[in-house]
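# Chain and residue survey
Chain residues, written in single-letter form:
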Protein chains: 2
Amino acid sequence: MANILAVDDEPAILAIIQNVLGKDGHRVTAVQDPRCIPAEGLARYDLILLDVMMPHLDGFALCKKLRACVDCPILFLTAKTDESALVQGLETGADDYIGKPFGAAELRARVSAHLRRETREHFVSLAFAGAHFNLSSRQLVVGEGGPPTNLTKSEYAICEFLARNQGQVFSKEQIYENIFGLDGASSDTTIATHIKNIRAKLDAQGYAPIKTVWGIGYKWDD
Amino acid sequence: MANILAVDDEPAILAIIQNVLGKDGHRVTAVQDPRCIPAEGLARYDLILLDVMMPHLDGFALCKKLRACVDCPILFLTAKTDESALVQGLETGADDYIGKPFGAAELRARVSAHLRRETREHFVSLAFAGAHFNLSSRQLVVGEGGPPTNLTKSEYAICEFLARNQGQVFSKEQIYENIFGLDGASSDTTIATHIKNIRAKLDAQGYAPIKTVWGIGYKWDD
DNA sequence: ACTATTTTTAAAGAATTGATAAAGATTTTG
DNA sequence: CAAAATCTTTATCAATTCTTTAAAAATAGT
């Protein structure tokens, strides 16, 4: 299950995408006007689908802009099927280029392949000097072969999010948005309290990976 | 530049691959008989290209076997262009499926896209001779791979502003306005004090990029 | 030597974080 | 289905850190 952003000026195409990928359990956010892409909270998407030919904004230019601030797979989904367009698309930083008319099965398979790859890479990389995440059982193990830390769902989610973006600083709002979605309006103290509780549990095991960056937020540093 | 393994029973195709990708500086190892794939040293390949229909061994089965012990991108390159074959190919663990006859440009673009993704830059940075800014984590690192300088929010903001406009001189008022907005009425000493504190921290690391332009203001010069 | 400007010092004021505790949700258990 | 346990969110306040200010000392230019 993944968060997917789909941008296309044709509502019919958006509906198909939403239908096809929804069946696989993904949450699809459909945007018809590329100018309305949420600037904040882009980080919470696991994959982005883009049309090339849209009014108001060129898909290639949009891809370049998105790529500058986003790390997830970007896939073009377009009627422009000539090879030079494909090359141009991939060179703007996209990861795949699917020609219309596309089959539902191909769309599903390609989206799955890209998502699978993300987890494949992350699985290997989510081990640190002082601890490692067991991503399938959603547990954090401090040290070597010890018992898993007894974190709650939210606490684990915060840890995994910060750890996946090791070194990067996030504000409390950003953390909340990335974990609970944009809708949830929360006070700063929510995340602050979670962080405090996480630190209490990890400190008890002699592990302190969450650093405060004063005035900005928190980061995972191990 | 990458190590690429290409498996295809047709020598002509292998030659084309070797020629096309060789021009991009990649080292292509060509294997005509899938049974001869080196069991050892598979990990040294950054990307694998597979044919589907080969004598002696099915490409899909081969992909599954490879995927079990290898983490790099696997791309099918095949004449079987129907959708169900594509879906089957991606489901065996491959990352892409390119139909023959393929254009040289498409092959290059797709291979580059997959390699690029492996090493995708997670942090946007602003680099100078003696230091670089990690813009995503809002940190200034002096020298090569050293620890980030411990700057406060305002101090970092001033540094980034001056650095972004390298060489340009700004008065204290201009600096204050650009960072805190027009509304903030501040005395000159506010910025002067910040500059002093920044210099103290950077001087301690043997780095002095902020120059005073007497009677005018300050500039970043590195 | 004089003046204007910058740098330093030191301390008051403002903002942010961390800790404590308790109310509101949710899930588990009997 | 209700009670109990657990988790999430909120409010409040102390502790910490940062920002701003005022005034003295140092420095550059004329």
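Up top is the structure.
Residues numbered from 1 in each chain as written. Chains lettered and ligands numbered in written order. Predicted model: local features only at pLDDT ≥ 70, side-chain atom pairs only at ≥ 80, totals over all residues. Heavy atoms only, no water.

### Re the interface of chain B and chain A
Here is the rule: By definition, residues are in contact when any of their heavy atoms lie within 4.5 Å. What gets called buried area is simply the loss in accessible area from a 1.4 Å probe that two parts show on being joined, summed for both. Put simply, a salt bridge is a Lys or Arg side-chain nitrogen that is within 4 Å of an Asp or Glu carboxyl oxygen. The term polar contact refers here to a pair of N or O atoms within 3.5 Å; inside protein, the definition further demands a hydrogen-donor-capable atom paired with an acceptor-capable atom, and it admits residues adjacent in sequence only when both atoms are side-chain atoms.
On the chain A side, the residues contacting the 35 residues of chain B number 36 residues. For the pair chain B and chain A, the summed buried surface comes to about 2800 Å²; carbon and sulfur atoms form 45% of the total. At the junction of chain B with chain A, the criterion picks out four salt bridges. The partner of R117(A) in a salt bridge is E118(B), with the nearest N and O atoms 2.7 Å apart. There are 15 residue pairs in polar contact (both at pLDDT 80 or more) connecting chain B and chain A.

### A short note on the layout of surface pockets
Applied cut-off: Cavities and pockets were defined on a 1 Å grid built over protein atoms only: a cavity is a set of grid points that admits a 1.4 Å probe from which the probe cannot escape, a pocket is an open set flanked by protein on both sides within 12 Å along at least five of seven lines, and lining residues are those with an atom within 4 Å of any such point. Grid points are joined across faces, edges and corners, and a volume is the space filled by probe spheres set on the points. Runs of E in the DSSP output that reach at least two residues are strands. Runs of H or I that reach at least four are helices, and both are numbered from the N terminus. Here the term charged refers only to Asp, Glu, Lys and Arg, the term nonpolar to Ala, Val, Leu, Ile, Met, Phe, Trp, Tyr, Cys and Pro, and the term polar to all other amino acids, Gly among them.
By volume, the second largest pocket is sized at about 430 Å³. In this structure, the second largest pocket is lined by 20 residues; those nearest its centre are Y97(A), G99(A), E106(A), E106(B) and R110(B). Sorting the residues of the lining of the second largest pocket by element identifies helix 3 (83-91), strand 5 (96-99) and helix 4 (104-125) of chain A together with strand 5 (96-99) and helix 4 (104-118) of chain B as the ones contributing at least two each. Tallied by class, the residues present in the lining of the second largest pocket amount to eight nonpolar, five polar and seven charged.

### Digging into the protein's contact with DNA strand D
Formally: The near set for a molecule or strand comprises every residue that places at least one heavy atom within 4 Å of it.
The environment of DNA strand D is made up of 23 residues, and the closest members are T152(A), S154(A), T152(B), S154(B) and S187(B). Within the side chain of S154(A), a nitrogen or oxygen atom sits 2.4 Å from a phosphate oxygen of DNA strand D. Within the side chain of H194(A), an N or O atom sits 3.3 Å from a phosphate oxygen of DNA strand D. Contributions of two or more residues to the surface near DNA strand D are made by helix 5 (153-164) and helix 7 (188-203) of chain A together with helix 5 (153-164) and helix 7 (188-203) of chain B. Class assignment for the residues of the surface near DNA strand D results in five nonpolar, 16 polar and two charged.

### Remarks on the protein's contact with DNA strand C
Not every one of the 16 residues close to DNA strand C is listed here, only the nearest: K172(A), R199(A), R199(B), T212(B) and Y218(B). Among the atoms of DNA strand C lying within 4 Å of the protein, the sugar-phosphate backbone contributes 77%. At a separation of 3.3 Å, a phosphate oxygen of DNA strand C approaches a polar backbone atom of G215(B). Of all elements in the fold, only helix 7 of chain A together with helix 7 of chain B reach the threshold of two or more residues within the surface near DNA strand C. With three residues, the single largest contributor to the surface near DNA strand C is helix 7 of chain B. Residue classes in the surface near DNA strand C are distributed as six nonpolar, four polar and six charged.

### Concerning the pairing of strand 2 (residues 27-31) of chain A
Residues and elements named next belong to chain A. Selection rule: The criterion for strand pairing is that DSSP finds at least two bridges linking the strands in question. Crossovers are marked right-handed if the path from the first strand over the helix to the second runs clockwise, as seen with the strands pointing away from the viewer.
Bridge count between strand 1 (residues 3-7) and strand 2: five bridges; the pairing is parallel. Looking at strand 2, one finds that V7 is bridged to V31. Regarding the hand of the β-α-β motif, the stretch spanning strand 1, helix 1 (residues 11-23) and strand 2 is right-handed.

### With respect to the pattern of salt bridges
As a reminder, the rule being used: Buried, partly exposed and exposed residues are distinguished by accessible area as a fraction of the type maximum, computed with a 1.4 Å probe on protein chains only: under 20%, between the cut-offs, and over 50%, respectively.
Following the criterion strictly, the structure yields 24 salt bridges over all chains and no others. Ionic pairing is found between R67(A) and D95(A), a salt bridge with its closest N-O pair at 2.9 Å. You can see R67(A) sitting in helix 2 (residues 59-69) and its partner D95(A) sitting in the loop between helix 3 and strand 5, a full 28 residues away along the chain. Both residues of the pair, R67(A) and D95(A), belong to the buried class. Among the salt bridges present, the one from D96(A) reaches R110(A), with a minimum N-O distance of 3.0 Å. One end of the pair, D96(A), is in strand 5; the other, R110(A), is in helix 4, with 14 residues separating them in the sequence. One salt-bridge network, held together by shared partners, links D96(A), E106(A), R110(A), D96(B), E106(B) and R110(B).

### What about helix 7 of chain B?
Residues and elements named next belong to chain B. Selection criterion: How far a helix is expected to stretch is found by multiplying one less than its residue total by 1.5 Å. The directions considered for the arc are those from the helix axis to the C-beta atoms.
Between its first and last C-alpha atoms helix 7 spans 22 Å; for 16 residues at 1.5 Å apiece the expected length is 22 Å, and the two agree. Along helix 7, the positions that sit buried rather than exposed are I191, H194, I195, I198 and L202. Taken down its axis, helix 7 places every buried residue within 100 degrees of arc, on the same side. Those residues of helix 7 that are exposed and angled more than 90 degrees off the buried face are T189 and K196.

### Side note on the side chain of D96(A)
D96(A) gets classed as buried once you look at its relative accessible area, which sits at 0%. Only 3.0 Å separates the side chain of D96(A) from the side chain of R110(A), close enough to count as a polar contact. Setting aside residues no more than four positions away along its own chain, D96(A) makes contact with I74(A), L75(A), F76(A), L90(A), R110(A), H114(A), D96(B) and R110(B).

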